[in-house]
Amino acid sequence: MCTRFVYRGNDVITGFNFDIDPEVWNHRIIKEKDCFYIGILRPDGVRHSYHGVHRNGNAGTLLYVHGNPAGAWEDGSGCMTIADLTEGFIRGRISFDQALDLVRTKKIVYAPDATMQAMLSDRLGRTLIVEPGIGWREDGGKYSLITNYSVLAPDSTRPFVLPGDDRYERADRMLKEYRDHFSVSDGFSVLRRVRQEGPWATRVSFVFSVKEQAVRYAENNDFDHVEVYEFPGPFSPDRSR
């Protein structure tokens, strides 16, 4: 259960709540020179960067969603998994324009063992929502928002909405109230409002400011103790190619 948004105001702010059961998903915050991400340990022994930020401004997240047969994993040159697309984007190997080209020319499918949908955004605030088997949308407007249910075809996942799970509606109401001056603190206010508790509690919350080129994060709903990771040195577009 996760929540992700992008707000396009005087700064481009992305926020993410990572809600998981640690008995199911082994995770660790990893800070590298060019990348900040929540490393998920997979059976291949690698901590994959499925949720994170690149110093070039790319921010990507994968959110669990109830799958549909049209998005089932397929192997072949005409297909690409949503996990590979998202990780390539976070790692800076795929630009936003390249991501657009990929969703236009390839069939985006689920990973072999997980059904996920993605939100990708860049330093300009351009945002792409990708839902395997359903489609994709390049978002505009003041903000973009996604949780664990389809935003492109809501009826397809509405039967799976858990009782009392109104994270999308709560976040949507808050984001609608803000104007151009949306800050990192505002981002954390939204994440705090939609935090989860219990076995699938919010384990990591992060807010990325393009203007500051920094990620601020809190762990285990401890919003009174926020740490900061600043990407070293000035951003140079050439370095992301």
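Residues numbered from 1 in each chain as written. Predicted model: local features only at pLDDT ≥ 70, side-chain atom pairs only at ≥ 80, totals over all residues. Heavy atoms only, no water.

### Regarding the pairing of strand E6 (residues 59–64)
Within E6, five of the six residues are buried, which leaves the element mostly enclosed by the surrounding structure. Of the strand pairs in this sheet, strand E5 (residues 47–54) and E6 are connected by two bridges, and their pairing is antiparallel. Counterpart to Val53 in the pairing with E6 is Ala59. The hairpin turn running from E5 into E6, its antiparallel successor, is four residues long, and Gly57 in that turn takes a positive phi close to 100°. Examined bridge by bridge, E6 and strand E9 (residues 116–121) share six bridges and lie antiparallel to one another. Across the sheet, the residue bridging to Ala59 is Ser121, located in E9. (Buried < 20%, exposed > 50% of the residue type's maximum accessible area, 1.4 Å probe, protein only. Helix = DSSP H or I, 4+ residues; strand = E, 2+ residues; numbered from the N terminus. Pairing = 2+ DSSP bridges.)

### Remarks on unusual backbone geometry
Phi at Asn220 is positive, roughly 55°, even though this residue is not glycine. Relative to the elements of secondary structure, Asn220 occurs in the loop between strand E14 (214–219) and strand E15 (227–230). Assessed through its relative accessible area of 51%, Asn220 is described here as exposed. Of note, Asn221 is a non-glycine position whose phi angle comes to about 65°, a positive value. Mapping Asn221 onto the fold places it in the loop between E14 and E15.

### Examining helix H5 (residues 184–193)
The complete set of buried residues in H5 reads Val184, Asp186, Gly187, Phe188, Val190 and Leu191. One side-chain oxygen at the N-terminal end of H5 lies 3.3 Å from the backbone nitrogen of Ser185; it belongs to Ser183. (Polar contact = N/O pair within 3.5 Å; in protein donor to acceptor, adjacent residues only side chain to side chain.)

### Details of the nonpolar core
Within the largest apolar cluster, 46 residues are counted, with the highest numbers of intra-cluster contacts made by Phe18, Phe36, Ile82, Leu85, Leu128 and Phe206. When residues in this core are grouped by element, the largest group, five residues, is from helix H2 (residues 96–105). In contact with Phe18, other than residues within four places in its own chain, are Met1, Cys2, His27, Ile38, Ile40, His51, Ala201, Thr202, Arg203 and Val204. Ile13, Val194, Val207 and Phe223 belong to the second largest nonpolar core, which has 18 residues in total. (Core = buried A, V, L, I, M, F, W, Y, C linked by side-chain atoms within 4.5 Å. Contact = heavy atoms within 4.5 Å.)

### With respect to the packing of aromatic side chains
All chains considered together, the criterion is met by 13 aromatic pairs. Aromatic pair Phe16 and Phe206: ring centres 5.6 Å apart, planes at 55°, arrangement tilted. A residue pair is termed long-range when its members are at least 10 positions apart, and Phe16 in strand E2 (residues 12–19) and Phe206 in strand E13 (residues 202–209) qualify at 190 residues. Judged by its relative accessible area of 2%, Phe206 falls in the buried class. Judged by centre distance (5.4 Å) and plane angle (80°), the rings of Tyr229 and Phe231 are edge-to-face. In this structure Tyr229 comes out as buried when scored by relative accessible area, which is 15%. One aromatic cluster is present, built from ring pairs that chain together Phe16, Phe18, Phe36, Phe206, Phe208, Tyr217, Tyr229 and Phe231. (Phe/Tyr/Trp six-rings, centres within 6.5 Å; stacked < 30°, edge-to-face > 60°.)

### Observations concerning the sheet that holds E14
Pairing is antiparallel in the open sheet, where six strands are placed in the order E12-E1-E2-E13-E14-E15. Both edges of this open sheet fall to strand E12 (143–146) and E15, since each of them pairs with a single strand only. Each adjacent strand pair in this sheet contributes to an overall mean axis angle of 15°, direction not counted. As paired strands, E13 and E14 are joined by six bridges and run antiparallel to one another. (Axes fitted to C-alpha atoms, helices over the stretch in contact; angles between N-to-C directions.)

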